[in-house]
Amino acid sequence: MSAASSSLTCLRVALLHALGLTAACTRPPLGDDPGTASGTGTGTTTSAATTAPATTSGPADPTTGAATTTTTGAGTTLATTVDSTGPVATTAIDSTGPVEPATTTTSTTTTTTSTTSGTTDDTSSTTGPACVNLMDLGDELMPTDLLEIPGCEDYNASDCHDYMRICVPLPDGLQSCDQCAPDCIGEIADLCFEFTYTLVCGPLTVDGQCCHVMEYSWNCTDGRPFLVEGTARTAAPARRRDWLADPSSPAPAFVAALAPAARAELAALWTADALAEHASVASFARFTLQLLAHGAPPGLVQEACAAQLDEVLHARLTFALAADYAGAPVGPGPLATDDALDGPGDLAAVIAAVVREGCVGETLAAAELDLAARTCDDPALAATLRRIADDEQRHAALAWRTVQWALGRGGPALRRVVAEALAVRIAAPPPDRLDPALMRRHGRLPAGERVALAAQCMRSVVLPCARALLDDLAVARPTDLPV
């Protein structure tokens, strides 16, 4: 087993341990052979604590080459798929049984979790035909495109969601699309079984066809962003020294050996990371207020406050790295916080955000930082990355425990909210401007490797943890959950 797979195994077990569902695990030391740095080695099967009652083999994963494993268990199903047309992965989890349906959201059910290197026999789905590419369903839209579509212009479109317009012929016997509102296109499962969506607007008549605009998936998966009205906010960079921590910096000769253009690019990347860490301070501050508003126990509130302080340190450490590469001090300017407390504050909305930003985003961030530390050539830089990775793992555990607490009081409706929030699209980041080997040496994972690792982490960490949590709750509260 590669160090990346071993590290993901321990990350999964550590999160399950935080939920009280398994024993602790010690991650392999940094000196271990990193194996395939891309994180695309064969995945890991779930531990005994997360093994489901039944498994079947599925087709080989187009990103990792490993087979997919289908797992079903007490009232829940998990799915992970990778778009074969490019480095994009979609993951989903849904629950079955008599849960309360959302009014504008339809969720379909598939079953797939972790990866193994075993057989690649095909399996058939009883839910509907698989989509080779979600774009086969319709036309992809940008959030700003909704402003030009009648009926969609007032929708609060988010940069963290994807949007699509799906059109079908006017049903026989009808004179206009208005006559088949609100759902001219019928069940979306008839078109693609791996598609969870929210209706934005429609039906619209376009070239004689009836069209709907859908919001689907979630693609802000890198740590805990500070989202206001669906847009991630960060401060602008500023020339200042007071946000620079005093850790062990990379060896001067290690940085000086770089060409000026490479140093400038790495400085820009570390600055962007530092600004995101700085914004996470505000995100945790808001999270603390939300916990207080919903009567959370003191342990969760205390950990949220501690996480906020962690993010201050992360920002200072990362600004220091940016300054090392830039050869000049750098810090944050003012961060706009207006309207940060607007929007829905009910428990369902809060927990959906915790799932996306904490259970997914911070779990992926912990995995990425850990692998970056393992492939980095400078010991001081590697130690800084590992320090942040350890904190991100604790933040992810806080998110999972928050969901566990909320599910204990929210019943089946909240279980559905958690399931739908785990529908995540892992989209490729912007193309790299530097040689991949150089990036790894300096603590940065290349874009393609980040996507592959995220997909593997979703399969072998996030979805098994979600299934184990929901299954454990089904045992603990059998009257509230489907069987």
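Residues numbered from 1 in each chain as written. Predicted model: local features only at pLDDT ≥ 70, side-chain atom pairs only at ≥ 80, totals over all residues. Heavy atoms only, no water.

Participant: Let's hear about the overall build of the chain: which residues, and what values?
Facilitator: The helix and strand tally for the chain stands at eight helices and 15 strands. By the burial criterion, 55% of the 483 residues in the chain qualify as buried. Relative to all contacts within the chain whose residues are 6 or more apart in sequence, the contacts with residues 24 or more apart total 79%. (Helix = DSSP H or I, 4+ residues; strand = E, 2+ residues; numbered from the N terminus. Buried < 20%, exposed > 50% of the residue type's maximum accessible area, 1.4 Å probe, protein only. Contact = heavy atoms within 4.5 Å.)

Participant: So, the pairing of strand β8 (residues 162-169): which residues are in play, and what are the values?
Facilitator: Both strand β7 (residues 139-141) and β8 contribute to a ladder of three bridges, which runs antiparallel. From the neighbouring strand, E140 faces β8, where its bridge partner is M164. (Pairing = 2+ DSSP bridges.)

Participant: Describe in detail the packing of aromatic side chains, supporting the description with residues and values.
Facilitator: Enumeration according to the criterion identifies two aromatic pairs in this entry. Judged by centre distance (6.3 Å) and plane angle (70°), the rings of W243 and F319 are edge-to-face. Within this pair, whereas W243 is found in the loop between β13 (237-238) and α2 (252-256), its partner F319 is found in helix α4 (residues 298-326), the two being separated by 76 residues in sequence. Each member of the pair, W243 together with F319, is buried. Across from the ring centre of F287, 4.9 Å away, lies the NZ or CZ of R224, which sits over that ring. (Phe/Tyr/Trp six-rings, centres within 6.5 Å; stacked < 30°, edge-to-face > 60°. Lys NZ or Arg CZ within 6 Å of the ring centre and 35° of its normal.)

Participant: Mind laying out the state of the cysteines, listing which residues take part and the relevant values?
Facilitator: This model, assessed by the stated rule, comprises three disulfides. Sulfur-sulfur distance for the disulfide between C152 and C201 comes to 1.5 Å. Pair noted here: C152 is in the loop between β7 and β8 and C201 is in strand β9 (residues 197-206), with a separation of 49 residues, a long-range link. With a relative accessible area of 6%, C201 lands in the buried category. Not engaged in a disulfide, the cysteine C465 finds its nearest cysteine sulfur in C359; these two sulfurs lie 8.8 Å apart. Residue C465 is classed as buried on the basis of its relative accessible area, which comes to 0%. (Disulfide = S-S within 2.5 Å.)

Participant: A description of the nonpolar core should follow, citing residues and the corresponding values.
Facilitator: Among the nonpolar cores identified, the biggest contains 93 residues, and Y325, W400 and V403 are the most heavily contacted of them. With 17 residues, helix α6 (residues 379-421) is the largest single contributor of residues to this core. For W400, the residues in contact, after removing those within four places along its chain, are L15, L19, C359, T363, V462, C465, A466 and L469. Of all hydrophobic cores here, the second largest spans 11 residues; its members include I149, C152, A157 and V213. (Core = buried A, V, L, I, M, F, W, Y, C linked by side-chain atoms within 4.5 Å.)

Participant: A description of the pattern of salt bridges should follow, citing residues and the corresponding values.
Facilitator: By the definition in use, this model includes 15 salt bridges. When the shortest N-O distance is used, the salt bridge between R165 and D139 registers 3.4 Å. With R165 in strand β8 and D139 in strand β7, the pair connects residues that are 26 residues apart, well separated along the chain. Residue R433 is joined to E265 by a salt bridge in which the shortest nitrogen-to-oxygen separation is 3.8 Å. Of this pair, R433 sits in the loop between β15 (424-426) and α7 (436-441) while E265 sits in helix α3 (residues 260-293), and the two are 168 residues apart along the sequence. Assessed through its relative accessible area of 72%, R433 is described here as exposed. E265 sits in the buried class, given a relative accessible area of 17%. The network of salt bridges with common partners includes D310, D391 and R394. (Salt bridge = Lys/Arg side-chain N within 4 Å of Asp/Glu carboxyl O.)

Participant: Lay out the packing of α4 against α6 with the relevant residues and their values.
Facilitator: Running from amino to carboxyl end, α4 crosses α6 at an angle of 155°, the nearest separation of the two axes being 10 Å. Judged by the inter-axis angle, α4 sits roughly antiparallel to α6. The handedness of the crossing between α4 and α6 comes out as left-handed. Contacts from L300, E303, A304, A307, D310, E311, L313, H314, L317, T318, L321 and Y325 in α4 reach L381, T384, R387, I388, D391, E392, R394, H395, L398, R401, T402 and W405 in α6. Its residues assigned to classes, the contact of α4 with α6 shows 11 nonpolar, five polar and eight charged. (Axes fitted to C-alpha atoms, helices over the stretch in contact; angles between N-to-C directions. Parallel < 35°, antiparallel > 145°, perpendicular 65-115°, else oblique. Left-handed = near helix turned anticlockwise from the far one by under 90°. Nonpolar A, V, L, I, M, F, W, Y, C, P; charged D, E, K, R; others polar.)

Participant: Requested: an account of α6, with residues and values cited.
Facilitator: Three or four residues apart is the spacing at which side chains of an α-helix point the same way, because the helix has 3.6 residues per turn. Here α6 contains 43 residues, and its C-alpha end-to-end distance of 38 Å is more than 12% below the 63 Å for a straight helix at 1.5 Å per residue. Maximal helix bending in α6 amounts to about 135°, located at G411; proline P412 follows within four positions. (Expected span 1.5 Å × (residues − 1). Bend = angle between axes of the 7 residues up to and from the residue.)

Participant: Can you explain unusual backbone geometry? Please cite residues and give values.
Facilitator: Most peptide bonds take the trans form, and the phi angle of most residues other than glycine is negative. A cis amide bond, omega 5°, links G202 with the succeeding residue P203. Relative to the assigned elements, P203 resides in strand β9. The phi dihedral of D207 is positive, around 50°, even though this residue is not glycine. Position of D207 among the secondary structure elements: in the loop between β9 and β10 (209-216). What makes D207 exposed here is its relative accessible area of 79%. Located in the positive-phi region is D339, a residue other than glycine, with phi close to 70°. When you line up the elements, D339 lands in the loop between β14 (331-332) and α5 (347-375).

Participant: Give a description of α5 that names residues and reports values.
Facilitator: With 29 residues, α5 should reach 42 Å at 1.5 Å per residue; the first-to-last C-alpha distance of 40 Å fits that figure. Of all the bends found along α5, the most pronounced is centred on V355 and spans about 30°. Extensive coverage of α5 is indicated by the burial of 26 of its 29 residues.

Participant: Got a sec to walk through a nonpolar patch on the surface? Specific residues and values, please.
Facilitator: Residues L289, L292 and L341 make up a contiguous nonpolar surface patch of roughly 320 Å² in combined accessible area. Note on placement: L292 falls in helix α3. (Patch = residues over 30% accessible without salt bridge, like charges linked within 9 Å, V, L, I, M, F, W, Y side chains within 5 Å. Areas by Shrake-Rupley, 256 points an atom, 1.4 Å probe, with all protein chains shown as cover.)

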